[in-house]
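The primary structure of each chain is shown beneath.
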Amino acid sequence: MKPKVAFYWCAACGGCEEAVVDLAEGILDVVAAVDIVLWPVALDFKKTDVEAMEDGSIAAAFINGAIRTSEQEEWAHLLRRKAQVVIAVGACAQMGGIPGLANFSNRAGVFQTVYQDSPSTVNAEGVIPETTHKENGFTVTLPRFFDTVKALHQVIDVDYFIPGCPPTPQLLADAVTALLAGKLPEKGAVLAPDQALCMDCPRKDTKPEKLAISEFKRPHEILIDQEKCLLAQGLLCLGPATRSGCGSRCIEGNMCCTGCFGPTSRVRDYGGKALSAIASAADSNDEDQIIRILAKIPDPAGTFYRYSLPVSELQRKRL
Amino acid sequence: MPESTSTRRITIDPITRLEGHGKIDIFLDDAGQVERAFFQVPELRGFEKFAQGRPAEDMPQITSRICGVCPTAHHMAATKALDNLYKVTPTPAGRKIRELVYSTFMAEDHALHFYFLGGPDFVVGPTAPAAERNVLGVIAKVGVEVGKKVIAMRRRLRELTSLAAGKAGHPVFGLPGGVAKRLTAADQVRFQTVAAEAVEFAQFTLGVFDDIVLKNSDYVNLILADFFTHRTHYMGLVDDKNQVNFYDGSLRVVSPEGAETVKFAPEKYLDYIAEHVEPWSYMKFCYLKSPGWKGFTEGAESGVYSVAPMARLNVADRMATPLAQQAYGKYIATLGKPVHHTLANHWARVIELLYAAERMQELANDPEIIDPNVRTIPTAVPTEGVGVVEAPRGTLIHHYQTDERGLITKANLIVATQNNAARIAMSVEKAAKGVLSGKQISEGLLNMVEMAFRAYDPCLGCATHSLPGSMPLEVRLRNRNGETLSTLRRP
């Protein structure tokens, strides 16, 4: 009997599903090797089907997306019970991802912006979506919207992580291959190379031995050299703090690494590591001067914690 | 209409080809007549809120995460909003590279919907066994070679987007005044080669549609069925000759009779479009400020309008490329104009696929596409900017306000499917009433309700159109205490 595999998505954009489709011809091999018992985007299995399965009967559940609503939390718990192995797929499941930036605010702040302050929204009566709504005696419900976005492992026990926004099809294929061969590494591992992106970077030969940035530039302010190390051009490339395995796709697009692959195994707090890597590149030993140089970075919290605010030491803004 | 003891509730949950989840609640009276149907979107992520405080130049990459299936649309709308914010005009090469990538993306996206998602209802058949009503069924019908051709075409188009934009999934190349990366002569050859293949592929696809759908009177009758028809306003981008344009132009609105009611610069959208909030869905419902929100109703007096392929073809006078124009002529000759039949979106989408491929070819052959001058550095102090594109599923508007450092103070986003939200909700209710009322509910009838919104390629999840497979559906009949009386499941 082929091993059973489930795919599920929570607060996500669908980019991780597209990464699966990007296996292109290779997806037929995956379909041949495993028995997919849940893939809401593609197949006909329902929550009741999953509930009816024996606990532990699914070999592996691949779950992408952050946890933003009560419905997503329920699905995460359900799949944890049914699956022997849970793999968090993509930056949102691993670290909260870009939707995790909502932890700078809360439910009330999001609702206020979307349903009240939006310049195109006409809502004099202050209507907001309700978890239970009655209209002419008809009752309809919506899931609860939480104050705080969480990564998957903050809600359930997670066995492995596949990083990236989105992950590369190759990393997904490698994970499935390792699963089928019974060659998954120790629990808790991130299934990608454990070194900084700079080591893999096609421009690494142009990275100076010691970076000395006297002024940080924003990408729209300069014409970006297509060959030279981006940090050496004064741009805020997060390659030194970020795990490799992405194929340097953003660098190939002549733009900076923004950190979607998260940290290596030796780092606890991605944003703290990124900040220290960048701060140490400031070309000064004078504290005031260093502060002046770093002040040119317009949004440090949102930049260094772009994908990882919910799993950072900060977790969220206190409101 | 209180929910009496005999009121039956039918819950369709989850509708899994939507991002997160879509849900439909249908209420029937004791005579089995549908009284009310709710089409709900139980998800929200709040990008407008957490955009605040971020550097404007990061918005193309942040907002692409709204949708991993049409990230290029958000990336491009955001990039154009940056042009407007910094009052900078892209260099000719920068602008052309953007539109080349955008055309490549549109071709990929439309082809995927036809073969993998929307198409199976027609190619395999609306009443075919559910297990076959998916991309594998399509391949069985059109042949394995064609299936491989579809997969390979999508892969090649996405490889080109990655080449120019960094990543097909969440591009990085957009900056105010142009793009981050120039194209080489070798890159141009690759674009030319794939563009020629894409034009051929689009013509082939139009042939498939012709053979399988238009030559089958049952399908044509289905397209024309009253319960799949709404007479509403339509909106879409047109160029200065009133031709369909995905990348730029003016927003044109036509009435249910097909007359232009207004044409406006996208920066003026707040004068013409507003959003309505309902307490039973996280998604807001767009409407035209004139006539205003009159509820979920159709006709010239209602503010409800529609976007996406059928709407774009309704608002335009013609297509800008020769082969697409030819196909457009046949479409109008067959269905009239404006077209109100929701399922005609499938046909319109294939015509747009051909246009996207032809436009891609024009730009790939443009000598200026390899000009190294791909960006103008902005110098203005930023305050406010609006950017618009036609996403695969309709008009997409990004609107930012910033402080003098270019940090976002306010962001407003109107995404494609919000424009269609009211019409989709109406379509689901009308199909439910027309199809289910007084009937013994069967799996086949469920698919008819499903087809009512599938035609829009709803972008509640733009994610919906990314993968093969039929939409799983489960209908539970419950009494008012919520106890399940019976369950129908499409396997």
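Position numbers for residues count from 1 along each chain, tracking the sequence in the order it is written. Chain labels run from A onward and ligand labels from 1 onward, assigned in the order the entries are written. Confidence filtering applies because this is a predicted model: local features only for residues at pLDDT of at least 70, side-chain atom pairs given and counted only at 80 or more, and all residues used for totals across whole chains, interfaces and linings.

**Student:** Which residues make up the overall build of chain B, and what values do they have?
**Tutor:** Scanning chain B from terminus to terminus reveals 14 helices and 16 strands. With C-beta atoms placed from the backbone, a residue is buried if 20 or more other C-beta atoms are within 10 Å of its own, exposed if 12 or fewer are, and partly exposed between those counts. Per-residue burial for chain B yields a buried fraction of 64% across its 491 residues. When contacts within chain B are restricted to residue pairs at least 6 apart in sequence, those whose partners lie at least 24 apart make up 70%. The numbering of helices and of strands both runs from the N terminus, where a helix is a DSSP run of H or I of at least 4 residues and a strand a run of E of at least 2. We call two residues in contact when the distance between their C-beta atoms, placed using the backbone, is within 7 Å.

**Student:** Describe in detail helix α10 (residues 270–279) of chain A, supporting the description with residues and values.
**Tutor:** Residues and elements named next belong to chain A. Judged by how many residues are buried, α10 sits mostly within the fold: seven of ten residues are covered. Every buried residue of α10 is accounted for by Y270, G271, K273, A274, L275, A277 and I278. Buried-residue contacts for α10 involve α12 (300–304).

**Student:** Give a detailed account of the nonpolar core, specifying residues and quantitative values.
**Tutor:** Residues of type Ala, Val, Leu, Ile, Met, Phe, Trp, Tyr and Cys that are buried and joined through C-beta atoms within 7 Å form what is called a nonpolar core. Judged by nonpolar contacts, the single largest core of 257 residues is most densely connected at I63 of chain A together with A198, I351 and V428 of chain B. With 14 residues, helix α4 (residues 92–117) of chain B is the single largest residue contributor to this core.

**Student:** Describe in detail the domain arrangement of chain A, supporting the description with residues and values.
**Tutor:** Residue and element names in this part refer to chain A. Along its sequence, chain A is organised into domain 1 (4–98 + 147–180), domain 2 (107–146) and domain 3 (197–311). As annotated, the domain borders come from an automatic or database domain assignment. Centre-to-centre, using C-alpha coordinates, domain 1 lies 30 Å away from domain 2. Contacts between the two partners involve six residues from domain 1 and, on the opposite side, five residues from domain 2. Those elements that provide at least two residues to the side of domain 1 that touches domain 2 are β4 (67–69), α4 (70–82) and β8 (145–150). Tallied by class, residues from the side of domain 1 that touches domain 2 come to no nonpolar, three polar and three charged. We call Asp, Glu, Lys and Arg charged. Ala, Val, Leu, Ile, Met, Phe, Trp, Tyr, Cys and Pro are nonpolar, and the rest, Gly among them, are polar.

**Student:** Explain the interface of chain B and chain A to me, using residue names and the numbers behind them.
**Tutor:** If you look at the interface, chain B gives 80 residues, while chain A gives 72 residues. Those elements giving two or more residues to the side of chain B that touches chain A turn out to be β2 (22–28), β3 (34–40), α1 (47–50), α2 (59–63), α7 (144–165), β9 (273–276) and β14 (408–414) of chain B. In terms of residue count, the dominant contributor to the side of chain B that touches chain A is α7 of chain B (five residues). Grouping the amino acids of the side of chain B that touches chain A by side-chain chemistry returns 39 nonpolar, 18 polar and 23 charged.

**Student:** Which residues make up the sheet that holds strand β13 (residues 394–402) of chain B, and what values go with them?
**Tutor:** In any sheet, the strands associate via hydrogen bonds between backbone groups, in a parallel or an antiparallel arrangement. Residues and elements named next belong to chain B. Here, any two strands with at least 2 DSSP bridges between them count as paired. One open sheet holds the three strands; their spatial order is β12-β13-β14, and the pairing between them is antiparallel. Whereas interior strands pair on both sides, the edge strands pair on one side only; in this sheet they are β12 (384–391) and β14. Across the sheet, the mean angle from the axis of one strand to that of its neighbour is 10 degrees, orientation sign disregarded. Examined bridge by bridge, β13 and β14 share six bridges and lie antiparallel to one another. Bridge assignment links H399 to a residue of β14, and that residue is N412. Contacting β12 and β13, helix α3 (residues 71–85) crosses the sheet at an angle of about 150 degrees to β12. Helix α13 (residues 416–436) rests against β12, β13 and β14 of the sheet, and its axis sits at about 125 degrees to β13. The axes are straight lines fitted to the C-alpha atoms, using for helices just the contacting stretch, and the angles between their N-to-C directions are given from 0 to 180°.

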